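# Descriptive analysis of the structure
The lines below spell out each chain.
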Amino acid sequence: MVIRLFCAAGMSTSVLVKKMQEAAKEKGKDADIAAYPFSEMERMLDGVDVALLGPQVGFQLARAKQICEPKGVPVDVIPMQDYGMCNGMNVLKFAYKLAKK
C-alpha cells in the first residue's frame with residue numbers, strides 16, 4: 001500500500017508519517033508512507049494507492065480531487081483530531097478504509 005500525505009510544506013506531517021510507519025509495522029502491513037508539500041501532488045501520484053491531506057490544506061480538497069480522480073487515487077482530509085494527536089494507527093486505518101471505497 002502506497003500512502004502519500006500532502007501538507008503545507010511536507011514537514012509538519014513527518015512525525016505523523018513515522019507514527020503511521022510504526023503502526024503499519026505493528027499490524028504487519030506493508031506500507032510505503034511519505035509526506036510532501038501540496039504543491040508537489042501532481043508529480044508524486046505515480047503508483048500511489050491513497051492520498052491524504054493535512055487539515056491545514058483541507059481547503060484544497062476540491063483541487064486535490066481534480067488531480068487524483070483521473071489517476072484513480074482516492075483522496076480525503078485527515079481528521080483534525082488524529083492529525084493533531086499524531087495518531088498513526090487511526091490515520092493508517094483511515095487510509096485503508098479510503099482505499100477500499
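Cut-offs applied
Residues numbered from 1 in each chain as written. Predicted model: local features only at pLDDT ≥ 70, side-chain atom pairs only at ≥ 80, totals over all residues. Heavy atoms only, no water. Buried < 20%, exposed > 50% of the residue type's maximum accessible area, 1.4 Å probe, protein only. Pairing = 2+ DSSP bridges. Helix = DSSP H or I, 4+ residues; strand = E, 2+ residues; numbered from the N terminus. Axes fitted to C-alpha atoms, helices over the stretch in contact; angles between N-to-C directions. Contact = heavy atoms within 4.5 Å. Lys, Arg positive; Asp, Glu negative; His and termini not counted. Salt bridge = Lys/Arg side-chain N within 4 Å of Asp/Glu carboxyl O. Phe/Tyr/Trp six-rings, centres within 6.5 Å; stacked < 30°, edge-to-face > 60°.

As a further point, take unusual backbone geometry. Positioned with a positive phi, Cys86 is a non-glycine residue whose angle comes to about 50°. Judged by relative accessible area, Cys86 falls into the partly exposed class, the value being 22%.

Read from one edge of the open sheet, four strands run β2-β1-β3-β4, paired in parallel fashion. Where the open sheet ends on each side, the last strands, each with one partner, are β2 (32-37) and β4 (75-77). On average, adjacent strands in this sheet sit at an angle of 25° to one another, irrespective of strand direction. Where strand β1 (residues 2-7) lies against β2, six bridges are found, and the strand directions are parallel. Across the sheet, the residue bridging to Arg4 is Ala34, located in β2. Set on the sheet, helix α1 (residues 14-27) makes contact with β1, β2 and β3 (50-53); between it and β2 the angle comes to about 170°.

Looking now at the side chain of Asp82. Relative to the elements of secondary structure, Asp82 occurs in helix α3 (residues 80-84). We note that Asp82 is buried and unpaired, the nearest opposite charge coming from Lys97 at a distance of 8.7 Å. Ignoring anything within four residues of it in the chain, the contact list for Asp82 reads Leu16, Asn87, Asn90 and Val91.

This brings us to the packing of aromatic side chains. Each aromatic ring pair is specified by the distance between its two centres and by the angle formed by the two planes. Applying the stated criterion across every chain yields a total of one aromatic pair. Ring centres of Phe6 and Tyr36 lie 6.3 Å apart, and the angle between their planes is 35°; this geometry places the pair in the tilted category. Taken together, the residues Phe6 in strand β1 and Tyr36 in strand β2 connect sequence positions 30 residues apart. Residue classification places Phe6 among the buried positions, given a relative accessible area of 0%.

Moving on, we get to the side chain of Thr13. Looking at the secondary structure, you find Thr13 in the loop between β1 and α1. Residue classification places Thr13 among the buried residues on the basis of a relative accessible area of 0%. Non-local contacts of Thr13, meaning those with residues more than four positions away in its chain, are made with Leu5, Cys7, Ala35 and Tyr83.

Take the pattern of salt bridges next. Within this structure, the stated rule accounts for three salt bridges. Arg4 is the salt-bridge partner of Asp32, the closest N and O atoms lying 3.2 Å from each other. Taken together, the positions of Asp32 in strand β2 and Arg4 in strand β1 put the pair 28 residues apart, joining distant regions of the chain. A relative accessible area of 38% places Asp32 in the partly exposed class. Arg43 serves as the salt-bridge partner of Glu40, at 2.3 Å between the closest nitrogen and oxygen.

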